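One letter stands for each residue in the lines below.
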Amino acid sequence: MQLIIADLENQKLSFSSVNAYLSALKSVAKQAWRNGDIDGDVLARIKDIPNRKGFRLPVGQTIAQNDITRLISTCETNANHIKGTRDAAILAIRFYVVIRRSEIGKVKITDIDSNLGEIKVIGKGNKERKIPIPRTAQYYLNHWIKLRNDQIIDHKLSGDFLFGQTNSEQKGKLINLNGLLGNAIREIIVNTCERSGIDFNTLPSPHDMRRTAVTRWLQSGDPRIAQALAGHEHIQTTMGYARDDLTDKMRQTVEKDV
């Protein structure tokens, strides 16, 4: 067991990742004890292995508001109007509603309540929640829904999902309404970042969009509201998304009255 942990640490995994593996190994050991494959003394020694402790500076970044606007505008200038409008709506939902990639692809048209300005999402653990849609996101979403409805009529499409595949030709066309996989959402985001011409130090990951919004929500007020909007079970998870740059505030604090 100790050799396994040492190997994980040699891979330079984070403390949380090592502890996740450790928890899984302890569960396997417990099941082995139940099956009679190991005795209670061995199980006790395995369970007694402590979690690894430590802290590393958080990874990831937040994205500036002007860059967010530029990324969405990049979608709107796509010669393939259908794809561009769809992708702008996807980015708007990702930046401002901040549901996960896998959740975006599974949203159905009936999950959108335009009157209340809400979107219903089934997230991790099969948990259902409703999230308010900001006006900025609603603007791009309304444009897509209108275009989506026109495409349904023009191409005799059927399907319940909000998004679907488009063709790759310049003259755009919606092919289906079968939803999108998380990897397809990721590809849309990465391609848009590359086409935007923004000089990112590091190309933003799709998860940086959640970090950006959660940081904004935490700065705005009650952490419990940020937790509910992000769909996190534990407040610690929400707080771990914060990417405030505290350097200047730290400097001001240590220099005060010195």
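Conventions adopted
Residues numbered from 1 in each chain as written. Predicted model: local features only at pLDDT ≥ 70, side-chain atom pairs only at ≥ 80, totals over all residues. Heavy atoms only, no water. Salt bridge = Lys/Arg side-chain N within 4 Å of Asp/Glu carboxyl O. Buried < 20%, exposed > 50% of the residue type's maximum accessible area, 1.4 Å probe, protein only. Helix = DSSP H or I, 4+ residues; strand = E, 2+ residues; numbered from the N terminus. Axes fitted to C-alpha atoms, helices over the stretch in contact; angles between N-to-C directions. Left-handed = near helix turned anticlockwise from the far one by under 90°. Contact = heavy atoms within 4.5 Å. Nonpolar A, V, L, I, M, F, W, Y, C, P; charged D, E, K, R; others polar. Core = buried A, V, L, I, M, F, W, Y, C linked by side-chain atoms within 4.5 Å. Expected span 1.5 Å × (residues − 1).

**Let's talk about the pattern of salt bridges**
Next up, step 1: Evaluation of the coordinates by the stated rule reveals nine salt bridges.
Next up, step 2: The residue Arg100 makes a salt bridge to Glu103 at a minimum N-O spacing of 2.8 Å. In this pair, the class of Arg100 matches that of Glu103, namely buried.
Next up, step 3: A salt bridge links Glu103 to Arg129; its shortest N-O distance comes to 3.4 Å. In this pair, Glu103 sits in helix 6 (residues 101–106) while Arg129 sits in strand 3 (residues 128–132), placing the two residues 26 residues apart along the sequence.
Next up, step 4: By relative accessible area, which is 14% here, Arg129 ends up buried.
Next up, step 5: Shared partners join several salt bridges into a network, and the residues in it are Lys83, Arg86 and Asp87.

**Quick notes on the packing of helix 5 (residues 81–97) against helix 7 (residues 135–155)**
Next up, step 1: At their nearest, the axes of helix 5 and helix 7 sit 8 Å apart, and the two run at 145° to each other. Every pair of crossing elements has a handedness; the one defined by helix 5 and helix 7 is left-handed. Residue-level inspection shows His81, Ile82, Thr85, Arg86, Ala88, Ala89, Ala92, Ile93, Tyr96 and Val97 of helix 5 in contact with helix 7, the latter providing Thr136, Ala137, Tyr140, Leu141, His143, Trp144, Leu147 and Gln151.
Next up, step 2: A class-by-class count of the residues in the contact of helix 5 with helix 7 yields 12 nonpolar, five polar and one charged.

**Looking at the nonpolar core**
Next up, step 1: The biggest cluster of nonpolar side chains holds 50 residues, and the ones touching the most others in it are Ile99, Ile119, Leu162 and Phe163.
Next up, step 2: Within the residue set of this core, elements represented by two or more residues are helix 4 (65–76), helix 5, strand 2 (118–122), helix 7, helix 8 (182–195), helix 9 (206–220) and helix 10 (223–230).
Next up, step 3: A total of 10 residues in this core trace back to one element, the largest contributor, which is helix 5.
Next up, step 4: Excluding anything up to four places from it in sequence, Ile99 contacts Ile93, Arg94, Ile104, Val107, Ile119, Val121, Arg129, Ile131 and Arg210.

**Thoughts on helix 5**
Next up, step 1: With 17 residues, helix 5 extends 23 Å from end C-alpha to end C-alpha; this agrees with the ideal 24 Å at 1.5 Å per step.
Next up, step 2: Two residues or fewer past helix 5, Val98 is found with a positive phi of approximately 65°.

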